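# Inside the fold
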Amino acid sequence: DIIRTIRDPEKPNTLEELEVVTEGGVEVQEIGEDEYLVIIRFTPTVPHCSLATLIGLCLRIKLQRCLPFRHKLEIYISEGTHSTEEDINKQINDKERVAAAMENPALRDIVEQCVTEPE
């Protein structure tokens with residue numbers, strides 16, 4: 001429910017409406033007392049989507065802000081659905097790269113527009 005309202009950076013639709021994120025792509029495992037591993041697999045609309053890294057960043061930021069429990073978060077592109085899937089998976093799961101990306105004012109503004117709940 002948390003990620004279903006994230007908007008696509010290019011289109012007026014949500015990631016759920018575009019089937020970039022689906023309920024089947026979300027997995028939650030208990031890894032300790034009150035601590036969970038959350039795995040998200042998303043599918044870009046095209047195999048060469050230039051915004052796949054940005055979409056992964058939006059997913060990470062929204063979940064970091066909204067999950068009401070301690071968690072470890074892993075976000076991946078669904079296997080075989082993007083031409084640079086391995087590189088993008090590394091980027092969106094690297095805490096230092098995520099922090100650096102969010103220090104960029106233009107990128108941060110785009111992420112905020114995508115993750116902010118509609119009125």
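Procedures and definitions
Residues take numbers from 1 onward in each chain, read along the sequence in its written order. pLDDT decides what is reported in this predicted model: residues at 70 or higher carry local features, side-chain atom pairs at 80 or more are listed and counted, and totals for whole chains, interfaces and linings draw on all residues regardless. As a convention, hydrogens and water are excluded, and side-chain values are obtained from all of the structure's heavy atoms. Throughout, nonpolar core names a set of buried Ala, Val, Leu, Ile, Met, Phe, Trp, Tyr and Cys residues whose side chains join them through atoms within 4.5 Å. Throughout this description, buried means an accessible area under 20% of the type-specific maximum (1.4 Å probe, protein chains only), exposed means over 50%, and partly exposed covers the range between. Numbering of helices and strands runs from the N terminus; a helix is a DSSP stretch of H or I covering at least four residues, while a strand is a stretch of E covering at least two. Residue contacts are defined here by distance: any two heavy atoms, one from each residue, within 4.5 Å place the two residues in contact. A strand pair is defined by DSSP finding two or more bridges across the two strands. Handedness of a crossover: with both strands directed away from the viewer, a clockwise path from the first strand across the helix to the second marks it as right-handed. Lines fitted to the C-alpha atoms define the axes, with helices restricted to the stretch that makes contact. Angles between their N-to-C directions range from 0 to 180 degrees.

Counting 30 residues, the largest nonpolar core has Phe 42, Leu 57, Leu 59 and Val 111 as its most contacted members. Sorting the residues of this core by element identifies β2 (35-42), α1 (52-66), β3 (70-77), α2 (85-92), α3 (95-103) and α4 (105-115) as the ones contributing at least two each. If you tally residues by element for this core, the top one is α1, at eight residues. Each residue touching Val 111, except ones within four places of it in the same chain, is listed here: Leu 54, Leu 57, Cys 58, Ile 61 and Met 102.

Here Val 38 shows up in strand β2. The sequence separation of Val 38 and Leu 63 amounts to 25 residues, and the corresponding C-alpha distance is 9.3 Å. Leaving out residues up to four positions away in the same chain, Val 38 has contacts with Glu 27, Val 28, Leu 67, Phe 69, His 71, Lys 72, Leu 73 and Glu 74.

Before going further, it helps to spend a moment on the pairing of β2. Two elements, strand β1 (residues 26-32) and β2, share six bridges in a ladder whose sense is antiparallel. Its bridge partner lying in β2, Val 28 is registered against Val 38. In this antiparallel pair of consecutive strands, β1 and β2, the connection spans two residues, and Asp 34 shows a positive phi of 60°. Alignment of β2 against β3, held across eight bridges, turns out to be parallel. Across the sheet, Phe 42 pairs through a bridge with Ile 77, a residue of β3. Where the polypeptide runs from β2 across α1 and back to β3, its parallel neighbour, the crossover connection is right-handed.

Here we take up the sheet that holds β1. Spatial ordering of the open sheet is given by β1-β2-β3, a layout of three strands whose pairing is mixed. Each end of this open sheet is capped by a strand with a single partner; those strands are β1 and β3. Between one strand and the next, the sheet's axes are offset by a mean angle of 20°, whatever the strand orientation. The strands touched by α1 within the sheet are β2 and β3, with β3 carrying the most contacts at an inclination of about 165°. Lying over the sheet, α2 contacts β2 and β3, oriented at roughly 160° with respect to β3.

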